[in-house]
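Coordinates in review
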Amino acid sequence: MGGSSSKEDLGPLEVVGHVDLEKFSGMWYECGKYPNPFQAKDGEYGTATYALNDDGTMHAIYVEFVRGRKKTANAKLWAPDKEESTSKLRISFLWPFSMNYWIIQLGDDYGQPIHPLRSRFES
């Protein structure tokens, strides 16, 4: 029997515990994706490089190839409430607009981070 589910059926989105943003820094390789608003649907070979800034925010550079041409996007990430969680980040590609960037899975060695589809955050 086929069916559909809504965000309500999925329950609240769980995030990992504390994320050490210094350990999270570095280059990550994209193994699969649902394109975000800033990504081309036919982009390939994506990477994301995160660097921790002195003020506790992070700078990110996203790179992908679209029809053979290199495309880059810069972003700023920050934890709105570092006391509550460093796994519930905000990301902005164009100030003052931002969206949630929650880390819902992360290996003990900081391998294979997963952050969910943007639609799971929307009302």
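Everything below is about the structure printed above this text.
To keep things clear, this report deals only with the structure shown in the data block. Only a predicted model underlies this, so the values are computations on that prediction, with no experimental measurement involved.

**Overview of unusual backbone geometry**
Residue Trp 95 is joined to Pro 96 through a cis peptide bond whose omega torsion reads 10°. Along the chain, the position of Pro 96 falls in the loop between β5 (88-94) and β6 (97-102). Although it is not a glycine, Arg 67 adopts a positive phi angle of roughly 50°. Mapped onto the elements, Arg 67 comes out in the loop between β3 (58-66) and β4 (69-78). Classification of Arg 67 as exposed rests on a relative accessible area of 68%.

**Thoughts on the pairing of strand β2 (residues 43-52)**
Summarising the sheet, strand β1 (residues 26-29) and β2 pair through four bridges and their orientation is antiparallel. Across the sheet, residue Gly 26 finds its bridge partner in β2, namely Tyr 50. Relative to β3, β2 runs antiparallel, the two being bridged by eight bridges. Paired with Gly 43 across the bridge in β3 is Val 66. As consecutive antiparallel partners, β2 and β3 are separated by five residues, and within that stretch Gly 56 has a phi angle of approximately 95°, a positive value.

**Focus on the side chain of Thr 57**
Within the secondary structure layout, Thr 57 lies in the loop between β2 and β3. A relative accessible area of 11% places Thr 57 in the buried class. Setting aside residues no more than four positions away along its own chain, Thr 57 makes contact with Ala 51, Leu 52, Lys 76, Leu 77 and Trp 78.

Basis of the calculations
Residues numbered from 1 in each chain as written. Predicted model: local features only at pLDDT ≥ 70, side-chain atom pairs only at ≥ 80, totals over all residues. Heavy atoms only, no water. Helix = DSSP H or I, 4+ residues; strand = E, 2+ residues; numbered from the N terminus. Buried < 20%, exposed > 50% of the residue type's maximum accessible area, 1.4 Å probe, protein only. Pairing = 2+ DSSP bridges. Contact = heavy atoms within 4.5 Å.

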